[in-house]
Amino acid sequence: MAETIHSGGCQCGAVRFQARGDDFLSSICHCRMCQKQTGGYFGAFATFKDDKVAWTRGEVSYFVSSSIAKRGFCKGCGTPLTYEWHGDGISLAIGAFDNPNLVAPNKQLDVAARIKSFDTLHELPVVEEAADFKEQQASLKNHQHPDHDTNTWPEE
């Protein structure tokens, strides 16, 4: 039986990866370092064993965020891609996967550091898209890499 291949990459397409199999851990982490790395409420990562991850395009750049970990990102567009520590595993950013639903988190870490408004996000009003926003979206030229592997990027 063939292993599932989960592909993904950065926003500009300069860095791409494949993670093989369905034996991974997936979580969101509320620690301050994850908040700072992503610029969001938390970091969301799916962790695969080192030998299950292959970089298929480009190279990851790193920031050593602590004495035990480094954070990978695309130097071209800044997309956060990894959290890596001294162990057997590469934590890949869930939002960087082409199909993030297949690696959805199943637990939360460091909830003591959770940003307080996180608990009420689901209560925020939903704003329907205005017609002019839909027109604007339809006419824009998107430079983001599509959610699938490509032989070359940008496409010509």
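In case you missed it, the structure is sitting above this.
Cut-offs and rules
- Residues numbered from 1 in each chain as written.
- Predicted model: local features only at pLDDT ≥ 70, side-chain atom pairs only at ≥ 80, totals over all residues.
- Heavy atoms only, no water.
- Helix = DSSP H or I, 4+ residues; strand = E, 2+ residues; numbered from the N terminus.
- Pairing = 2+ DSSP bridges.
- Axes fitted to C-alpha atoms, helices over the stretch in contact; angles between N-to-C directions.
- Buried < 20%, exposed > 50% of the residue type's maximum accessible area, 1.4 Å probe, protein only.
- Phe/Tyr/Trp six-rings, centres within 6.5 Å; stacked < 30°, edge-to-face > 60°.
- Lys NZ or Arg CZ within 6 Å of the ring centre and 35° of its normal.
- Disulfide = S-S within 2.5 Å.
- Polar contact = N/O pair within 3.5 Å; in protein donor to acceptor, adjacent residues only side chain to side chain.
- Contact = heavy atoms within 4.5 Å.

1. Quick look at unusual backbone geometry
- A positive phi angle, close to 50 degrees, is found at D110, a residue other than glycine.
- Inspection of the secondary structure assignment puts D110 in the loop between β10 (108-109) and α2 (131-139).

2. Some words on the sheet that holds strand β1 (residues 5-9)
- The sheet built from three strands is open, its strands ordered β1-β2-β5 with antiparallel pairing. One side of each edge strand has no neighbouring strand; the edge strands of this open sheet are β1 and β5 (53-57). The sheet shows a mean angle of 25 degrees between the axes of neighbouring strands, direction not considered.
- Where β1 and strand β2 (residues 16-20) come together, five bridges link them in antiparallel fashion. Bridge pairing in β2 links I5 to R20.

3. A closer look at the pairing of strand β9 (residues 90-93)
- Burial along β9 is two-sided: I90 and L92 facing one way and S91 and A93 facing the other are all buried.
- In this structure, strand β4 (residues 43-48) lies alongside β9, joined through four bridges in antiparallel fashion. Along β9, the bridge assignment pairs F45 with A93.
- Where strand β8 (residues 80-85) and β9 come together, three bridges link them in antiparallel fashion.

4. Section: the sheet that holds β4
- Read from one edge to the other, the open sheet built from seven strands follows the order β6-β7-β8-β9-β4-β3-β10, with strand pairing classed as mixed. Only two strands of the sheet have a single neighbouring strand rather than two, namely β6 (61-64) and β10.

5. Let's talk about the packing of aromatic side chains
- Counted under the stated rule, the structure contains eight aromatic pairs.
- Measuring from ring centre to ring centre gives 6.3 Å for Y41 and F118, while their planes differ by 50 degrees; the resulting arrangement is tilted. Of the two residues, Y41 sits in the loop between α1 (32-38) and β4 while F118 sits in the loop between β10 and α2, which places them 77 residues apart along the sequence.
- The ring of Y62 has K70 sitting right over it, with the charged end atom 4.1 Å from the ring centre.

6. Things to note about the state of the cysteines
- Under the counting rule described, the total for this entry stands at zero disulfides.
- C31 carries a free sulfur, and the closest cysteine sulfur to it, the one in C29, is 3.6 Å from it.
- Overall, the relative accessible area of 16% leaves C31 in the buried class.
- Looking at the unpaired C34, the closest cysteine sulfur is the one in C31, lying at 3.7 Å.

7. Comments concerning the side chain of H30
- Positionally, H30 belongs in the loop between β3 (25-29) and α1.
- Taking relative accessible area as the criterion, H30 reaches 0% and is therefore assigned buried.
- A polar contact of 2.7 Å, which involves the side chain of H30, links it to the side chain of Q108.
- If near-sequence neighbours (up to four positions away) are discounted, H30 is found in contact with Q35, Y41, F42, Q108, L109, D110, V111, A113, R114 and F118.

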